[in-house]
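So the chains spell out like this:
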Amino acid sequence: MKQTTSRGSRRGAPPAPVVAGAPPSPASVGRISAGAALLYVVLAVAWASPSSLSPADTVPNLGDPLHLAWVMAWDAHQLARDPLALFDSNSFYPYPQSLAFGDHLLPEALLVAPVYWTTGNALLASNAAVVAGLALSALAMFALVLRLTASGPAALLAGLLYAFNGLTRHELPRVHVLHLQWWPLALLFFLRFLDEGRRRHAALAAGCLLLQCLSGTYDLAYTLLLLPLWLAGPFVLGRRLPTSREVRILGVALALAAVPLGAVVTPYLRQFRALGLEKRQAEALLGLSPADLARLRDAGFEGGFAPGADLLSYMDPEEGSVLWGRFAGIAESELPHFPGLLGGTLAVLGAGSLRRLPRPARDAGALALATALTALLLSLGSRVRVGGADWGPGPYDLLHRYVPFARGMASPERFGVLVGLGGAILAGFGAARLLPLVAPRWRLGAMAAAAAFAVLEHWGPVGAAAPVPTGRDLPPVYRWLATDGDGPVIELPLYSERDKKQWAAYPFFSTYHWRPVPIGRTSFYPPAHDRLAFELRSFPDETSLALLERLGLRTVVVHPLVWTPEERGARLEALDAEPRLERVRVFDEAVPARFAALRLGHERVYRLKAVSHPPLPPCRPEAELPRADWRLYGSGIAPPHRVRDGDLGTSWMTLAPQRRGDHLQVVLPQPQTVSAIALEMAYPYEEFPRGLDLLVPDAGGWRPVPYADGPEEAWERLDDLVRRPREARIVLRFPSRSLTTFTLALGTRDRDWASPRWSVAELRAYRACR
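Residues numbered from 1 in each chain as written. Predicted model: local features only at pLDDT ≥ 70, side-chain atom pairs only at ≥ 80, totals over all residues. Heavy atoms only, no water.

1. Thoughts on helix α21 (residues 542–551)
- Here α21 lies mainly inside the structure; eight of its ten residues are buried.
- Residues of α21 that are buried sit in contact with β5 (489–492), α20 (529–535), β6 (555–558), β7 (581–586), β8 (604–608) and α23 (711–723).
- Just past α21, the residue Gly552 takes up positive phi, approximately 80°. (Buried < 20%, exposed > 50% of the residue type's maximum accessible area, 1.4 Å probe, protein only. Helix = DSSP H or I, 4+ residues; strand = E, 2+ residues; numbered from the N terminus. Contact = heavy atoms within 4.5 Å.)

2. Side note on the environment of Glu622
- Here Glu622 is to be found in strand β9 (residues 621–624).
- The partly exposed category is assigned to Glu622, whose relative accessible area is 31%.
- Taking the C-alpha atoms as reference, Glu622 lies 9.0 Å from Ser675; in sequence the two are 53 residues apart.
- The residues contacting Glu622, other than those within four sequence positions of it, are Tyr766, Arg767, Ala768 and Arg770.

3. Topic: the sheet that holds β6
- With respect to topology, four strands assemble into an open sheet ordered β5-β6-β8-β7, the strand pairing being mixed. Sheet topology places β5 and β7 at the edges, where each strand pairs with a single neighbour. Strand-to-strand twist across the sheet, computed as the mean angle between neighbouring axes with direction ignored, equals 25°.
- Sheet topology places β7 next to β8; five bridges connect them, and they run antiparallel. Within β8, the position partnered with Leu581 by the bridge is Leu608.
- In the packing of α21 onto the sheet, contacts are made with β5, β6, β7 and β8, and the angle to β8 comes to roughly 70°.
- The sheet strands contacting helix α22 (residues 565–577) are β6, β7 and β8, and the helix crosses β8 at an angle near 40°. (Pairing = 2+ DSSP bridges. Axes fitted to C-alpha atoms, helices over the stretch in contact; angles between N-to-C directions.)

4. Structural notes on the packing of aromatic side chains
- Enumeration according to the criterion identifies 22 aromatic pairs in this entry.
- Here Tyr495 and Tyr506 contribute two aromatic rings whose centre-to-centre distance is 5.7 Å and whose plane-to-plane angle is 20°, an arrangement assigned as stacked. Placement of the pair is Tyr495 in the loop between β5 and α19 (505–509) and Tyr506 in helix α19, with a sequence separation of eleven residues.
- On the numbers, 5.0 Å between centres and 90° between planes, the contact of Trp652 with Trp758 is edge-to-face. (Phe/Tyr/Trp six-rings, centres within 6.5 Å; stacked < 30°, edge-to-face > 60°.)

5. Here we look at the state of the cysteines
- A full pass over the atoms with the stated rule returns one disulfide.
- A sulfur-sulfur separation of 1.9 Å characterises the disulfide bridge that pairs Cys619 with Cys769. Its S-S torsion of about 95° marks the bond between Cys619 and Cys769 as right-handed, since a negative value means left-handed. With Cys619 in the loop between β8 and β9 and Cys769 in strand β17 (residues 762–769), the pair connects residues that are 150 residues apart, well separated along the chain.
- With no disulfide of its own, Cys208 has Cys213 as its nearest cysteine by sulfur position, at a separation of 11 Å.
- For Cys208, a relative accessible area of 5% puts it in the buried group. (Disulfide = S-S within 2.5 Å.)

In structure tokens:
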């Protein structure tokens, strides 16, 4: 007797087709699939241009693409060298397991690792991953819809809509956002398991979910949130309970997939605990009135609101679209969400025709509709906006408040990618329903016109590509560093924080020597990262040299062209005059002019000598003043009393960026002797004050009080952030004085140094410092 599933379908039998007539033969499916794959690859190259046309030395910009190219290169490098130490990357020295400060990109890296192993060019491998992500995502959707509809043209169009849209056009600099192929494949194999009952299909479905979870942090969060819907949906729609066999097979498959996922997630959990990410500072806004929240939004503050897409953004074409650009601008959102006139119409038609579909296509369509609607609601963020008007809290507000990992998602708008997933499946059903209405002799032309229209709806300018020196154009200092040892190295001066995205160049160029580097670009910055960068802004001053020496950063690569022409001469003279710096190499080679944006060429390498005498630590604050009766005033956006509530998870904070005049005032209940003031820090640690003044009353006004701020104090702050981030603080030490009030205020600061908001988790004052 032939084994049957609970639905009574024969093993391997395809679902009933949506279109009239017999399903295509295997040979026909093969030809259609090969043609679709070729089309998708060609279109992916065009979609990713101009970087894809010069993939060895071009990227969309000098930020995320360089960072992600380094990540994939590190994965390929370390998997061949020491896979068990994958997370001990060479970035963000001296932190261990520093790969966990950003996405690991393992699936993407494995896909293009042969390119990197063969060429040693991280940029070429990264651009190959971009093209592969687009083409494979389209092909995966093609396979799913072909299974559901038995219509090659409908499947081809669904793949185009899924992979080549406004979102993927916008996200070309972020390769992992483009790798969306595993969700459609997971649904395909899950549906095949339900139809045929084979263990291998359950295993493949679980494996695809695993790969999508590993493709990006957001993908992991989305999958965990929607997996219950995807697992339970077919049984609810089929009005039946899963059999014990189905539960057992799916349970085992998912459990096996959870093992490698847990192994990869564990380093992230360790980092989050070390940084105190169980409570994010966004929680500081909980409890504010709706009027206060509206005032803060009007002032440009977004932290803690989880701002999402405006509902009308799903009807708003992308700016620059060759077809609809003149109609753009009806909504304001971070990301494009317009599905296209064709895609949206076909999706609505497909949703409207679900009742007429045979099973399991009808259940798959209903599941796609539920996915799209759920994702759309969540993409609206904590507050629903329609045409800019606030309509109140959205469903995501509950997630943002009560689900810990949801608070780590800075942009709920990115749920829109799942709107595209469900919408493309529905559009495939809509196309399959329309196809029989077209006369056979016109179908090929109609299909070609529809495909071209779908692509043109989202085609528009992506900006000029950024060239990066590689191969023969690579500055020779980087190949020399590979021969100079394996100790940590730092490149100075740093690009201005206003050009912070270009800090991605430091780990990227380290792919030529793999020595540890302290500065880079990532999703979650290490606690000491921005503090170190800030303290190095005046290199080679006494403070910067002291910090480099104590961190063990003895090799310094100097890029003279990063300094402005006005300051370059004086800085180079100071370098050569500094006795603690020994110049060991000078490279006179210039870099071709087309790479001028990175300001490379004419590098110098210095060796920093160790200091013979040990440093004297600063005095230790003692005898803390009671805080219960303090009166607090501030210019911030959260109640200032939070600096004395004993909770590092809540903070007083200013608007971003911090500005001159931002202040926090303390009025003591009676005159008190004060010798030190401590500002305790919490994540995000980059929200420290730039240009902080301590002000005390003086003849009806305020005057600044000098406080100790030399190399020893700078090292104390940095060392706390490296070794004890949960105890990190900024201590202002000054001669003892009797005070009834004092104010912490932002004064003058480097105009070229951009900054986030200023936040204070806890504020303390001390009578003595010994």
